[in-house]
Amino acid sequence: MMQETNQKPLRAIIAAVQIPGVTDAELDASLTELRQLAKTLGFEVVATFTQKRAGFDPGAYLGQGKREEMRSFVRNEPAADHPQDAPPENHDAADAAGGQGASQDRADVILVDHEISPSQAYNLEREIGCEVMDRTMVILEIFHRHARSRAARAQVEIARLGYMAPRLREAAKLAGPQGRQRSGTGGRGAGESHTELDRRKVRDRIAELQKELDAMDLERRTQRARRQERQGLARVALVGYTNAGKSTLMRALTGSEALVADKLFATLDTTVRALYPESVPRVIVSDTVGFIKNLPHALVASFKSTLDEALEASLLAHVVDASDPGFERQLAVTEAVLDEIGAKEVPRLLVFNKIDRAGDEANQREREAALRAQYPGCIVMSARRDGDIVRLHEAIVAFFRQNLIEAELFLPWSAQKARGEIFSTCEVLEERADNDGAFLRVRGEPAAVARLREQFNR
Ligand SMILES: Nc1nc2c(ncn2[C@@H]2O[C@H](COP(=O)(O)OP(=O)(O)OP(=O)(O)O)[C@@H](O)[C@H]2O)c(=O)[nH]1
Ligand SMILES: [Mg+2]
């Protein structure tokens, strides 16, 4: 894996082919996102190389001219051209990294903005002389570093093994019978000889992890079922593009300590907490893994269980970073993935967050008005404003109150111990008493009311 021990951050160059049908704006958004992903891994991006082409070069992704240009950049050879589309920080960083020492490479890794084949990666790596990571590898690496729980670790490992397996085979083939020693980075096998045995090991390991996961899943399902039984069924899941502010809102809505970080995929496990201050009905909030464009398919599959939380919720609060110029695309990506996992029918509360970052106050008001017009019923807010958190809290509670039903319960004097249960699961609207006991008019979740009715109706 990429060494994290180095004091100096690894220097990365970004490479992308722009194929017909991809607009400049789309390319830009994708590159910005890849830079953010690189930053999340602690890389310093020193240059960006892009190229318009009818298609990817089957041998090495980019055309030959571009590859040569990149090679002279990396080797710090005097080249006529400077990297195209280089972001402003590039020149300084590149100069600092290169210095006078002509022998010193100016980059450690090439990040490719697509998923490429093992042989394309191999050829690029050999020709340009530094390690290659494609978009999928970058995302897998982030997931790998951020996974905390046993389940998340196992899921990420399965996804990585699934991604590596064909690459191990390819690397072995390309390296020939000797099994050329590779740099040992990027996880494509540290110069091992890749035999049938290795392949079987990978398969066995995946099976073993899958078994562990199934066991954990079963355990979680039972726990979840018990929890729901105890707590009623009002559940909201915070979903949305990575970095939109889900964990921040989770924290604000529940008074919990969810991990918040200006990183992509800070959250990889679902956390579950009750809304605070507590409401009637009691609402359970879950924070979920962020979405991203082209989420590696292996990860969509392996994170399905994390996203299952979303499916079980009766409301999805879809959090969107309203200050991101690409927010509409992010919104669409999230909706598409939600469709894919079968959450199309779950009601949505669209939450446009980070409005405080959308320019000055006039800009913010303008943006807010536009959003409200375009997405009726949405909430426009900033997690930094307490009043906005209260509004979000109210909107969530209001959703669940729509479904509440009322009932009259009779609680005999002999059963006063049950008062606590009634008061904690329902809102008591009215209470009167006679010689035999108390009459309580209550409002609550259908499931909670039904349970109480069984015991105390008359
Ligand atoms: N200015 C501003 N920053 C915000 C707001 N909400 C969240 N942030 C910041 O945005 C960054 C990302 O927030 P998170 O809550 O970690 O985002 P997330 O959606 O949980 O991200 P992942 O877990 O990576 O999917 C953090 O640096 C937050 O402090 C907001 O309303 N305004
Ligand atoms: Mg998060």
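Look up a bit, the structure's there.
## A word on the packing of aromatic side chains
What the rule picks out here adds up to six aromatic pairs. On the numbers, 5.0 Å between centres and 90° between planes, the contact of Phe-399 with Phe-400 is edge-to-face. In this structure Phe-399 comes out as buried when scored by relative accessible area, which is 17%. Judged by its relative accessible area of 1%, Phe-400 is buried. An aromatic cluster is defined as three or more aromatic residues linked by ring pairs; in this entry it consists of Phe-327, Phe-352 and Tyr-375. Positioned over the ring face of Phe-73 is Arg-106, at 4.1 Å from the centre of the ring.

## Some points on the sheet that holds strand β13 (residues 437–444)
Whenever strands of a sheet pair, they do so through backbone hydrogen bonds, lying parallel or antiparallel. Taken together, the three strands give an open sheet; going across it, the order is β11-β13-β12, and neighbouring strands pair in antiparallel fashion. Strands with a single pairing partner mark the edges of an open sheet, and in this sheet they are β11 (405–412) and β12 (427–433). Strand-to-strand, the axes of this sheet are offset by a mean angle of 20°, without reference to chain direction. Where β11 meets β13, eight bridges bridge the pair, whose relative direction is antiparallel. Paired with Glu-408 across the bridge in β13 is Arg-441. Contacting β11 and β13, helix α15 (residues 446–456) crosses the sheet at an angle of about 30° to β11.

What counts, and where the lines are drawn
- Numbering of residues starts from 1 in each chain and follows the order in which that chain's sequence is written.
- In the order they appear in the text, chains get letters beginning with A and ligands get numbers beginning with 1.
- In view of the model being predicted, local features appear only for residues whose pLDDT reaches at least 70, and side-chain atom pairs are presented and counted only at 80 or more, with totals across whole chains, interfaces and linings using the full set of residues.
- Just so you know, side-chain values use all the structure's heavy atoms and leave hydrogens and water out.
- Between 30 and 60 degrees the pair is tilted, below 30 it is stacked and above 60 it is edge-to-face, where a pair is any two Phe, Tyr or Trp rings, Trp via its six-membered ring, whose centres lie within 6.5 Å.
- For every residue, the accessible area (1.4 Å probe, protein chains only) is compared with the maximum for its type, and the residue is labelled buried under 20%, exposed over 50%, or partly exposed between those bounds.
- Should the NZ of a Lys or the CZ of an Arg lie within 6 Å of a ring centre and within 35 degrees of the ring normal, that charge is described as sitting over the ring.
- Paired strands, in this sense, are two strands between which DSSP finds at least two bridges.
- In this text, helices come from DSSP runs of H or I with a minimum length of four residues, and strands from runs of E with a minimum of two, each type numbered from the N-terminal end.
- In this description, a line fitted to the C-alpha atoms serves as the axis of each element, helices being fitted only across the stretch in contact, and the angle between N-to-C directions of two axes falls anywhere from 0 to 180 degrees.
- Contact between two residues is taken to exist if any of their heavy atoms lie within 4.5 Å; hydrogens are not considered.

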